[in-house]
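Chain residues, written in single-letter form:
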Amino acid sequence: MSNSQLTKIPTGTSGLDEILRGGFIAKRSYLLRGDPGTGKTILGMNYLTAGVEAGETVLFVNLEETADDIRDNASTLDIDLSNVHFLDLSPDSDVFVDEQSYDIFRPSEVEQEPLTRAITERVESIDPDRVFIDPLTRLRHLTSDEYQFRKQVIAFMHYLKEQGATVLFTSQHSDESSDDDLQYMTDGTIELKHSTHGRTISVPKFRGSSVNEGDHAMRIQSGGLAVYPNISPINHSRTFEIESVSSGVPEVDQLLHGGLERGTISIFSGPTGVGKTTVGTQFMKEAAGRGERSVMYMFEETLETFRQRSETINIPVKQMQEQGSLEVEEMKPLDCSATEFAYRVRKDVEENDTSIVMIDGIDGYKLSLREDNERVLVRKLHSLCRYLKNMGVTVILVDEIDTITGEFQATEAGISYLADNIIFLRHLEVTGEMRKAIGVLKKRTSDFERTLREFEITEHGLKVGEPLTQLNSVLSGSPEMAQQSSETHDG
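Everything in this summary refers to the structure shown in the same document. Remember, it's a predicted structure, so these values are computed and weren't measured experimentally. (Residues numbered from 1 in each chain as written. Predicted model: local features only at pLDDT ≥ 70, side-chain atom pairs only at ≥ 80, totals over all residues. Heavy atoms only, no water.)

**Some points on the overall build of the chain**
- When helices and strands are counted, the chain shows 15 helices and 24 strands.
- Buried residues in the chain amount to 52% of all 491 residues.
- Of the contacts formed within the chain by residues at least 6 apart in sequence, a portion of 68% connects residues at least 24 apart.
- When the accessible area of the chain is evaluated, it comes to approximately 22400 Å², of which 45% is carbon and sulfur surface. (Helix = DSSP H or I, 4+ residues; strand = E, 2+ residues; numbered from the N terminus. Buried < 20%, exposed > 50% of the residue type's maximum accessible area, 1.4 Å probe, protein only. Contact = heavy atoms within 4.5 Å. Areas by Shrake-Rupley, 256 points an atom, 1.4 Å probe, with all protein chains shown as cover.)

**Structural notes on the environment of Arg-238**
- Summarising the element assignment, Arg-238 is placed in the loop between strand S11 (224-228) and strand S12 (244-245).
- Residues Arg-238 and Gly-392, 154 residues apart in the sequence, show an inter-C-alpha distance of 7.1 Å.
- Look past the residues within four positions of Arg-238 in its chain and what remains in contact with it is Val-349, Asp-353, Thr-354, Asn-390, Met-391 and Val-393.
- Of the polar contacts made by the side chain of Arg-238, one reaches the backbone oxygen of Met-391; its length is 2.7 Å. (Polar contact = N/O pair within 3.5 Å; in protein donor to acceptor, adjacent residues only side chain to side chain.)

**Overview of the environment of Tyr-184**
- By the secondary structure assignment, Tyr-184 is in the loop between helix H7 (180-183) and strand S8 (188-195).
- Measuring from C-alpha to C-alpha, the distance between Tyr-184 and Leu-31 comes to 10.0 Å, with 153 residues separating the pair along the chain.
- Leaving out residues up to four positions away in the same chain, Tyr-184 has contacts with Lys-205 and Arg-207.

**A closer look at the packing of helix H12 (residues 338-352) against helix H14 (residues 374-390)**
- Packing of H12 against H14 brings their axes to within 10 Å, and their N-to-C directions diverge by 10°. Of the possible angle classes, the one that applies to H12 and H14 is roughly parallel. Packed against H12, whose contacting residues are Ala-338, Thr-339, Phe-341, Ala-342, Val-345, Arg-346, Val-349 and Glu-350, the element H14 presents Leu-377, Lys-380, Leu-384, Tyr-387 and Leu-388 at the interface.
- Taken together, the residues of the contact of H12 with H14 sort by class into nine nonpolar, one polar and three charged. (Axes fitted to C-alpha atoms, helices over the stretch in contact; angles between N-to-C directions. Parallel < 35°, antiparallel > 145°, perpendicular 65-115°, else oblique. Nonpolar A, V, L, I, M, F, W, Y, C, P; charged D, E, K, R; others polar.)

**Overview of the sheet that holds S11**
- Overall, mixed pairing links the nine strands, which are arranged S5-S4-S6-S7-S3-S8-S9-S10-S11 in an open sheet. The open sheet is flanked by strand S5 (85-88) and S11, the only strands paired with a single partner. Within the sheet, the average angular offset between the axes of one strand and its neighbour, ignoring direction, is 25°.
- The pairing of strand S3 (residues 29-34) with S8 spans five bridges and is parallel. Its bridge partner being in S8, Gly-34 is matched across the sheet by Leu-192.
- Contacts between helix H5 (residues 117-126) and the sheet are confined to strand S4 (58-62) and S5, with S5 contributing the most and set at about 170° to the helix.
- Here helix H6 (residues 146-162) sits on the sheet and contacts S3, strand S6 (130-134) and strand S7 (166-170); the angle it forms with S6, its principal contact strand, is near 155°. (Pairing = 2+ DSSP bridges.)

**Observations concerning the side chain of Ser-337**
- Position of Ser-337 relative to the elements: it lies in the loop between strand S16 (326-330) and H12.
- The class of Ser-337 is buried, set by a relative accessible area of 8%.
- With residues near it in sequence (within four places) discarded, Ser-337 still touches Ala-217, Leu-369 and Arg-370.

**Considering the packing of H5 against H6**
- Taken N-terminus to C-terminus, the directions of H5 and H6 make an angle of 15°; their axes are 11 Å apart at the nearest point. In terms of orientation, H5 lies roughly parallel with respect to H6. The interaxial crossing formed by H5 with H6 has right-handed handedness. Taken together, the residues of H6 that come into contact with H5 (itself represented by Ile-119, Thr-120, Val-123 and Glu-124) are Phe-156, Tyr-159 and Leu-160.
- Its residues assigned to classes, the contact of H5 with H6 comprises five nonpolar, one polar and one charged. (Left-handed = near helix turned anticlockwise from the far one by under 90°.)

**Comments concerning the side chain of His-236**
- Note on placement: His-236 falls in the loop between S11 and S12.
- For His-236, a relative accessible area of 15% puts it in the buried group.
- Residues within four places of His-236 in sequence aside, it is in contact with Arg-346, Glu-350, Tyr-387, Asn-390 and Met-391.

So, to be careful, I would describe these as geometric facts and stop short of saying anything about function.
Have a look at this one:
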């Protein structure tokens, strides 16, 4: 059968459907691997309820937990199994002998066949489209040796597929009883893992179709599993007009020779309290005036503080939120992985046609997201930014520099290579007075003004002055008046 003739069916988890490029292939069998508590049974429940929603007949063959326990567990996740058929072969089921052993293969009943009459009769009576077996490895107890087990599993899978069913089953893997042999007998393997860095899902094997490789983020929530596929920038793009995005402050636009180009990545760099977030928000305020939508992900400030601070400088954040032109997401520490965060950003962009995305700030991003090392986080951020560029989104990354004054440093997060534009802000000490300056260090898409300008954050908003041509050594943080410097040199 060619790929064009294969029928895909939904898994019950939209993110997993995306990873599998459409879902499971109908009338095939798939193995779910993972330690206890990784979510295998929940994935199976989602799979069966998706069949119910599609008008299919579904069968849950349970060999460990009782059907009542499974229904109770499902209800705690708001999963409705009322229309799911069960074949209860758990140890307490009536189909077992009085000794409560798993030896249900009596010669008089099955005539040495590998499956019980209970299974075959149930399958033939309801003719299921989907079957979930949890866990299949319990059937090892019904056979005399590993060879017989493998032989019977193969026969069982063939039987179910001949009945037109798509089969999903779990395994119990241990050092004493490996499930490696099952991987060779199935059309696909899905692995679920759980660590201190969160839950992941991957698909190491899938016959008949390509898949999105790698470890993808996952979480257990109301309704079952939520899967967050890794972003592959090369698979996402859309046509957009390359145009300048104005800040609404003429002097800032002059520095940038018109503004930030749509679909570019900008780093706003500077020490604490210098106004990086405020300048970024100014671009969002101007976008709201054009009827565009922006989203800010706050890793280092609370929403309430940000809103109050913005209102005092004539940036109506609350009004922008109420109008739907601004969404502010306050990111909680260790609430999600970098992959899940990127998926949330992507979903917002695609569902709401977001034009500006601001991440405030990079240090908070690295500290707040669950990941095992910084290099992985930077790589994930790179993929997210490349995706946003391809979608025509203007990206603003806020990067805090540790030094208040002194030796100039463009960025501190090791991400300057990502940037199309670098806008830096500095604290200045001039004749004993603290002041601020703004300048542009890099702009890939056009020329830019190579002077520095003093700026203030006032109750009326940003106020940016003329180029600071009268000052030297501004980047050092301790500038001198140009005339004073010349006289010193002459002397």
